[in-house]
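Chain and residue survey
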Amino acid sequence: MGTENPNRPNFPARPAVTPFAAQQSATPFLSSGSVVGSEAPPFRPVSTASSQFSTPPFSAGSEGPAFRPPPTSRSNELVRPPPPSAYGPPSSGFQHFPSPQMPSTGQLPPPRTSFTGQPVVPMQTRPPPGHVSLPSQPQPPSVPMGSPPQSIKTGQPNMNIPLSADQHFVPSRPNAQASSPPMGPSYAAPRGTFQSAFPGYANMQPNSVAQAPPMQPSSFPLQQGNYGPPAPPTPFLSQQRGYAPGPPMSTPSGLYTGNQMQQHGIAPPLANSQGLAEDFSSLSLGSVPGSFDAGVDVAALPRPLGGDVEPKTFAEMYPMNCSSRFLRLTTSGIPNSQSLASRWHLPVGAVVCPLAETPAGEEVPVVNFATTGIIRCRRCRTYVNPYVTFTDHGRKWRCNICSLLNDVPSDYFAHLDASGIRVDMDQRPELTKGSVEFIAPAEYMVRPPMPPLYFFLIDVSASAVQSGMLEVMSQTIKSCLDDLPGYPRTQIGFITYDSTIHFYNMKSSLMQPQMMVVSDLDDIFIPLPDDLLVNLSESRSVVEAFLDSLPSMFQDNMNVESAFGPALKAAFMVMSQLGGKLLIFQNTLPSFGVGRLRLRGDDIRVYGTDKEHILRLPEDPFYKQMAADFTKHQIAVNVYAFSDKYTDIASLGSLAKYTGGQVYYYPNFQSSIHKDKLRHELARDLTRETAWEAVMRIRCGKGVRFTTYHGNFMLRSTDLIALPAVDCDKAYAAQLSLEETLLTTQTVYFQVALLYTSSSGERRIRVHTAAAPVVADLGEMYRLADTGAIISLFSRLAIEKTSSSKLEDARNAVQLRIVKALREYRNLYAVQHRLTGRMIYPESLKYLPLYGLALNKSTPLRGGYSDAQLDERCAAAYTMMALPVKKLLKLLYPNLVRVDDSLVKTEEFDISKRLPLTVGSLDTRGLYIFDDGFRFVVWFGRAISPDIAQNLLGEDFALDYSKVSLSQRDNEMSRKVMKILNKYRESDPSYFQLCHLVRQGEQPREGFFLLTNLVEDQVGGSSGYADWMLQLFRQIQQNA
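Residues numbered from 1 in each chain as written. Predicted model: local features only at pLDDT ≥ 70, side-chain atom pairs only at ≥ 80, totals over all residues. Heavy atoms only, no water.

**A word on the overall build of the chain**
Assigned secondary structure in the chain consists of 22 helices and 31 strands. Pairs at least 24 residues apart make up 79% of the contacts formed inside the chain by residues separated by at least 6 positions. Just so you have it, the chain exposes about 40,700 Å², and 53% of that area is on carbon and sulfur atoms. (Helix = DSSP H or I, 4+ residues; strand = E, 2+ residues; numbered from the N terminus. Contact = heavy atoms within 4.5 Å. Areas by Shrake-Rupley, 256 points an atom, 1.4 Å probe, with all protein chains shown as cover.)

Below is the structure:
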C-alpha cells in the first residue's frame, strides 16, 4: 500500500492534526438511523449529502450506531476481598518508596485552553541525555504491576458509574512537558526531518522509557524528586536500543521472578492462574520519580507477534460451526438485552468472507438434493443445517432460526435413533458441517447461468505507452488465456481509448482483428454489436494476434487525452446483455466527454475544515450512476490505476466500490520496476475462482438482526447484498442490533447464504451456519471478544466516516470507542479490587489498543495534507474496505524479521520470529525484512557485514539502493533470502510484495519506506505506543 515515489517530500512541514485528543466535539461513528428499541443517542446524527437517486441505492456507507452511556445500575452480588498476598511489593531489585498522592483534577488550576477548546500544553524541549531535571511539583507515583487475585468473581459489576457522552480529556498535570507536539491550530511549529529524528538511532525514541537494569537493594535508593546515579551497563542492554525484559503480567504471589520473563517482556499466563488470565490482565502505568518520562514498561506492552489470534473457546463450544475463515463475530457472547449491548461500546457484528480459500482436505462439501429440492424452512427460508432438530419419528424438523416445525419430504425421510438423531447423519454433510454448498435447481435462476466474461477497457494514451504498462498487461493477459475459468464458455472483449474510442471485431473467421474508431463522444454507438464479445475458445487465434500487436499498435501515440467516460458507457453497452467482469486500465485523468474530471488535487487549505471530506468523495455523480447501472446488469468493475499524477481515485474507485470490485494502485508505474507486481496481481484477478451474478443474505435468530453493512457492494434491499462478482479475497462486515428489549433464547444462530453462478455454469448456494451463546454478563462478552473482527469492523466504520468528516474526527471516533470499552471493563474490576494505578484490559482484547493506534496511523486515516497523497489515501481506503481479517491485521501490524543470523548459519529460517515495530528492534549490524502483505522493505544496517551485502547485491552493493533490485544470484546467501521472500509470498498470494531496498540513514527513502511504518514509534506528530497507552489510561481513569 502506498506510493512508490519516495522522492516527494513525505514529511509535513507542520504537525498533523492530532488523532488523540478526545475533544468535546468529537463524535463517534454515527448511525444512519436509530436502533429499534434503543435509547435516544447522545449525539445528533449529521445530515448526509442528498443522493442523485430518488431512492438512494447506496446503503453501504451508513454509519454505525451512536454511543449510549451505560445505565446506573448496581449489582448486589458480593465479591470476596482479595487476599493480601496479591498486593505484596515486587521483588524485582528496585526499591519502591512511598510517593505523595497525585492531586485530583479538581485541586489543579484550570488548564489554559486555546480558542478551539483544547488544553494548551506549553511546548518544552526534552533535556539532552544525561541531564537530570528536578521537578517543580510532585510527580504521579509509580504503581506496581500485576493482576488481581484468582478469587475474583469475573464479570460481576460492583459499581457502574454513568459516564457523560461528551467526556473529554483534562490533563492531570497542566505544567508537564508535552510528550508529543500539541496539535491544533495554535501550534504551527515546523517539524524536523528524519535525519534529525533518527540520528543513527543512538537515542531512545521520545515516547519510550529506557529500562534500568536491576540494582542491589543497598544501591542508590530512588528518592522522591531525584535520580540515583546511573547503573553500569549490563548484558540486558548490550545490544543497541535493546530492551531489558519487563516484569510479567501476573504472578500468583505478586512477586516477579526472572525466569518468567520472555524476550519481549510479554509473559504468558501461568498454569495455576490460567482462569484468571483468561479474564483480564493489567499493566502498570505511572511515572518514574523525578522525570517526565512515563513509567511504562515498553517491553511489557502486549504485541501480536504471533499474528492473528482467534478465540478458541468459541470453536470448542460449537464444533459444528462453520470455520472462522468464513464468519467471525466481534464477540461470541451475544448480549441478552439492549442495555447490556449499550454498555459494550464496541461494535456487535460479524465479518464474512463467503468464498475464503480452504486448505487441502477441508473443501466445502457439495450437496445435490436433485428431485427432493433444497430443504428450507417454509417461513424464514433458512437452509437445513446442523442445528435443526428432527421430531415426530423423523417426519418433522424444527427450524433453529424461527422455531417453526416443517414437514420432512418423503425423499428426505430417515428414522431417528434412541437419542433422536437421524440414522443417516453420517451420510448427510448438510447436517454435520457448518459450511456446505447446494446445487440450486431451476427455480433459483432468473435467466440461464451466464458464462464467465472478461472485458478489458484500456487507456492507450501517451503516458500509458511510455510507462510500459501496455506491454506488461498484454503479455500477462495472453499468458493467462489457458487458465481463465469456464472453458469452453468463456467470453472476452476489448476496447481501447485515448481522445477517441477504438472497438475491435474479433470474429473467429478473421485472421486479424478489425479496429473501428468512434470519435463522436456525445452520441456513443456500438459498431458490430455481435462481434465485439467473442467466445475465447473459438476466437483464440484472433485474440492472441490482437494482444501481440497492441503495444506496437500505439507505440508512437502522442495523444495525452482520455475519453474515459464515453469509453465506460461503450463498455457498458457491450456487456449489459450478459454481465461479467470489467477490468479498467487507467493512466490519465479523464479529460474528454462525459465524466471528465478536474485537477482538484490536494488543497492544503481545505484540510482541517468542514470541506475536507469532499476531496475523498466522487466529484461527478456520473460514476456513481454508472456503478448502479453496472450492478443492475451483473457487471463487476476492477480498476487498475497507474499514473504518477493525480487521477482522482476517489471518483474512479467508486466504480469498484459499488459493484463488488477492487482498486489496484500503481503510482508512478515503470515496467522495469513494477512489472512483476502487475503481472502477478492481474494474473490472480483473471484466474482465481470467481462467483458470478451473486447475491448474499445473512439470516439470524429471533430478536436480533443485521442493520448496517460495510464493504464493496450494493444493497439491493434492506438485507440483500448484490455482488456481480465475488472471490476469495473479498470480505464484508455487518453490524448487529437487538430488536427486542430482552432475549429469551439461550443461543443465537447465524446463517450466511451466497447464491451465485459458478464458472462451470452451475447455479449454487454456499451456506455457512454458526451458533453463539446469549450472555447476561458484560464480563462474558469481553471474554469471548474477537479483536480481529472488531478491528475489521472498526476500520470500515472509520474509513466510511472519512467520507463525511475530517480525518481527525475519524481517528477520535476510534480512540473514543476504545476508551469507553476499556473504561466500562475497568468498572467491573477496579473499584472493588483497588486497582487504581493499573490499566485493566481483558485478555481477549489485549491487542486492541495497539491495533487502534495502527489503524489511526494507516494510510487512509493518518495525519493530514502532507502525510499521504490524496490518490494514495483513497486507493488504500478502497482496498482496506474489502480485506479479510488476517490480511487487514497484517497490514496494520506488519511482520519485521531479522535474517542476517540465518544467512551465516546452516539452520532453517523461522518466519514466525517477529520483532516489535520500533526502531529499537533494528541493529545497525543486521539485515531485516519488513512485510505488510503489499510490499517488502529490506533494510541493510550501516554496519552490516560487507560479505552479506556483496553476496545479495553483487557489485551494486555500494550504489544508491533506489537503483538496485534484489534478484537471485549464484551463492547460498542470495538463494536463502529469495527463498524467505518467496515463502512469505506463497503464504498469501492475494497481492504481490514488491521488494524495496533501504540502507540505514539513506533519507528520505528510509523514512518513507520503513520508519514511518514502525507504528510503535512517535513519528510525524503522532503518538508512539507508550504515549498512546498513557493517553488511553488517563481518559479511562476519568469517571472510572
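Structure's up, so let's keep going.
**Describing the sheet that holds strand β24 (residues 732–738)**
Read across the sheet, four strands follow the order β4-β6-β24-β21 without closing on themselves; strand pairing throughout is antiparallel. The sheet is open, and its two edges are formed by β4 (327–329) and β21 (704–710), each paired on a single side. Taking the axes of each pair of neighbouring strands and ignoring which way they run, one obtains an average angle of 25 degrees across the sheet. Inspection of the sheet shows β4 paired to strand β6 (residues 349–352) by three bridges, in the antiparallel sense. Bridging across to β6, L327 finds its partner in V352. (Pairing = 2+ DSSP bridges. Axes fitted to C-alpha atoms, helices over the stretch in contact; angles between N-to-C directions.)

**So, the nonpolar core**
Counting residues in each nonpolar core, the largest one holds 192 residues, and the members touching the most others are F438, F456, F494, F585, F750 and I765. Here this core takes nine residues from helix α14 (residues 807–829), the largest share from any one element. Within the second largest apolar cluster, 51 residues are counted, among which are L453, M516, V574 and F622. (Core = buried A, V, L, I, M, F, W, Y, C linked by side-chain atoms within 4.5 Å. Buried < 20%, exposed > 50% of the residue type's maximum accessible area, 1.4 Å probe, protein only.)

**Digging into the environment of Q1003**
Mapped onto the elements, Q1003 comes out in the loop between β31 (994–999) and α21 (1005–1009). A polar side-chain atom of Q1003 sits 2.9 Å from a polar atom in the side chain of E1006. Within the local environment of Q1003, its side chain forms a polar contact with the backbone nitrogen of G1007, the two atoms lying 3.0 Å apart. (Polar contact = N/O pair within 3.5 Å; in protein donor to acceptor, adjacent residues only side chain to side chain.)

**A short note on the packing of aromatic side chains**
When we look at a pair of aromatic rings, we describe it by the centre distance and by the angle of the planes. Evaluated as defined, the whole model comprises 31 aromatic pairs. Judged by centre distance (4.7 Å) and plane angle (50 degrees), the rings of F494 and F546 are tilted. A residue pair is termed long-range when its members are at least 10 positions apart, and F494 in strand β13 (residues 491–497) and F546 in helix α7 (residues 540–553) qualify at 52 residues. Owing to a relative accessible area of 1%, F494 belongs among the buried residues under this scheme. Take F546: its relative accessible area is 0%, and that puts it in the buried class. One aromatic cluster is present, built from ring pairs that chain together F456, F494, Y504, F546, F585, Y640, F642, Y664, Y666, F669, F934 and Y991. Between the NZ or CZ atom of R422 and the centre of the ring of Y412, over which it lies, the distance is 4.4 Å. The cationic tip of K887 hangs over the ring face of F934; the distance from NZ or CZ to the ring centre is 5.0 Å. (Phe/Tyr/Trp six-rings, centres within 6.5 Å; stacked < 30°, edge-to-face > 60°. Lys NZ or Arg CZ within 6 Å of the ring centre and 35° of its normal.)

**Observations concerning the packing of helix α6 (residues 469–480) against α7**
A pair of packed helices is captured by two measures, namely the crossing angle of their axes and the spacing between those axes. The interhelical angle for the contact between α6 and α7, taken along N-to-C directions, is 165 degrees, at an axis separation of 8 Å. Taken together, the axes of α6 and α7 are roughly antiparallel relative to one another. For the element pair α6 and α7, the recorded crossing hand is left-handed. Taking contact as the criterion, the partners of L470, E471, M473, S474, I477 and K478 in α6 are, on α7, E544, L547, D548, L550 and P551. Partitioning the contact of α6 with α7 into residue classes produces six nonpolar, one polar and four charged. (Parallel < 35°, antiparallel > 145°, perpendicular 65-115°, else oblique. Left-handed = near helix turned anticlockwise from the far one by under 90°. Nonpolar A, V, L, I, M, F, W, Y, C, P; charged D, E, K, R; others polar.)

**Some details on the pattern of salt bridges**
As enumerated under the stated definition, the model contains 43 salt bridges in all. One salt bridge connects R328 with D308, and the closest N-O pair in it is separated by 2.5 Å. On the criterion of sequence distance, the pair formed by R328 in strand β4 and D308 in the loop between β3 (294–295) and α3 (312–317) is long-range, its members being 20 residues apart. Among the ionic pairs, D970 bridges to R975, the shortest N-O distance being 3.3 Å. Classification of R975 by relative accessible area gives partly exposed; the value is 34%. Residues joined by salt bridges that share partners form a network here, namely E357, K581, R684, D685, R688, D727, D729 and K730. (Salt bridge = Lys/Arg side-chain N within 4 Å of Asp/Glu carboxyl O.)

**A short note on the side chain of T500**
Examined against the element boundaries, T500 turns out to sit in the loop between β13 and β14 (501–505). Take T500: its relative accessible area is 18%, and that puts it in the buried class. A polar atom in the side chain of T500 sits 3.0 Å from the side chain of H502. Beyond its immediate chain neighbours, meaning those up to four positions away, T500 contacts V517, V518 and S519.

**Re unusual backbone geometry**
Cis geometry marks the peptide bond from Y487 to P488; its omega dihedral reads 5 degrees. One non-glycine residue, H393, lies in the positive phi region at around 60 degrees. Structurally, H393 is set in the loop between β8 (389–391) and β9 (396–398).

**Section: the sheet that holds strand β29 (residues 927–931)**
Judged by pairing direction, the sheet is mixed, and its four strands sit side by side in the order β28-β29-β30-β31 without closing on themselves. Of all strands in the sheet, those with a lone pairing partner are β28 (895–898) and β31, marking the two edges. Across the sheet, the mean angle separating the axes of adjacent strands is 20 degrees when strand polarity is ignored. Relative to strand β30 (residues 935–940), β29 runs antiparallel, the two being bridged by five bridges. Across the sheet, D931 pairs through a bridge with F936, a residue of β30.

**What to know about helix α8 (residues 564–575)**
Residues that lie three or four places apart on an α-helix share one face, since the helix turns once every 3.6 residues. With 12 residues, α8 should reach 16 Å at 1.5 Å per residue; the first-to-last C-alpha distance of 16 Å fits that figure. Burial analysis of α8 places 10 of its 12 residues in the buried class, which makes it a mostly covered element. When α8 is considered as a whole, its buried residues turn out to be F564, G565, P566, A567, L568, A570, A571, F572, V574 and M575. (Expected span 1.5 Å × (residues − 1).)

**Considering the side chain of S795**
For S795, the position within the fold is in helix α13 (residues 787–802). Under the relative-accessibility criterion, S795 is labelled buried at 0%. Excluding its chain neighbours within four sequence positions, the residues that come into contact with S795 are L855, M880 and L888.

**Here's the deal with the confidence of the model for the chain**
Here the chain averages 78 in pLDDT, while 71% of its residues score no lower than 70. Contacts for the low-pLDDT stretch residues 2–278, under 50 throughout, to residues beyond four places or in other chains number 537 contacts. (pLDDT = per-residue confidence, 0-100.)

**Overview of helix α22 (residues 1025–1037)**
The end-to-end C-alpha separation of α22 is 18 Å, in line with the 18 Å expected for 13 residues at 1.5 Å each. Of the positions making up α22, those classed as buried are Y1025, A1026, D1027, W1028, M1029, L1030, Q1031, L1032, F1033, Q1035 and I1036.

**As for the environment of G468**
Position of G468 among the secondary structure elements: in the loop between α5 (462–467) and α6. Overall, the relative accessible area of 12% leaves G468 in the buried class. Setting aside its immediate chain neighbours within four residues, G468 contacts F669 and S671.

**Notes on the environment of G864**
Along the polypeptide, G864 turns up in the loop between α15 (848–856) and α16 (870–880). The sequence separation of G864 and Y607 amounts to 257 residues, and the corresponding C-alpha distance is 6.7 Å.

**Some thoughts on a nonpolar patch on the surface**
A cluster of nonpolar side chains, contributed by M515, V517 and M553, occupies part of the molecular surface with about 250 Å² of accessible area. Within the secondary structure, M553 is located in helix α7. Classification of M553 as partly exposed rests on a relative accessible area of 33%. (Patch = residues over 30% accessible without salt bridge, like charges linked within 9 Å, V, L, I, M, F, W, Y side chains within 5 Å.)

**Quick notes on the packing of α13 against helix α17 (residues 885–892)**
At a minimum axis separation of 9 Å, α13 and α17 run at an interaxial angle of 75 degrees. Between α13 and α17, the angle falls in the class roughly perpendicular. When α13 is examined against α17, the residues G788, A789, I791, S792 and S795 are found in contact with a partner set consisting of V885, L888, L889 and L892.

**Focus: the state of the cysteines**
Counted according to the given criterion, the structure contains zero disulfides. Left without a disulfide partner, C399 is nearest to the cysteine sulfur of C380, which lies 3.5 Å away. Residue C399 is classed as buried on the basis of its relative accessible area of 2%. (Disulfide = S-S within 2.5 Å.)

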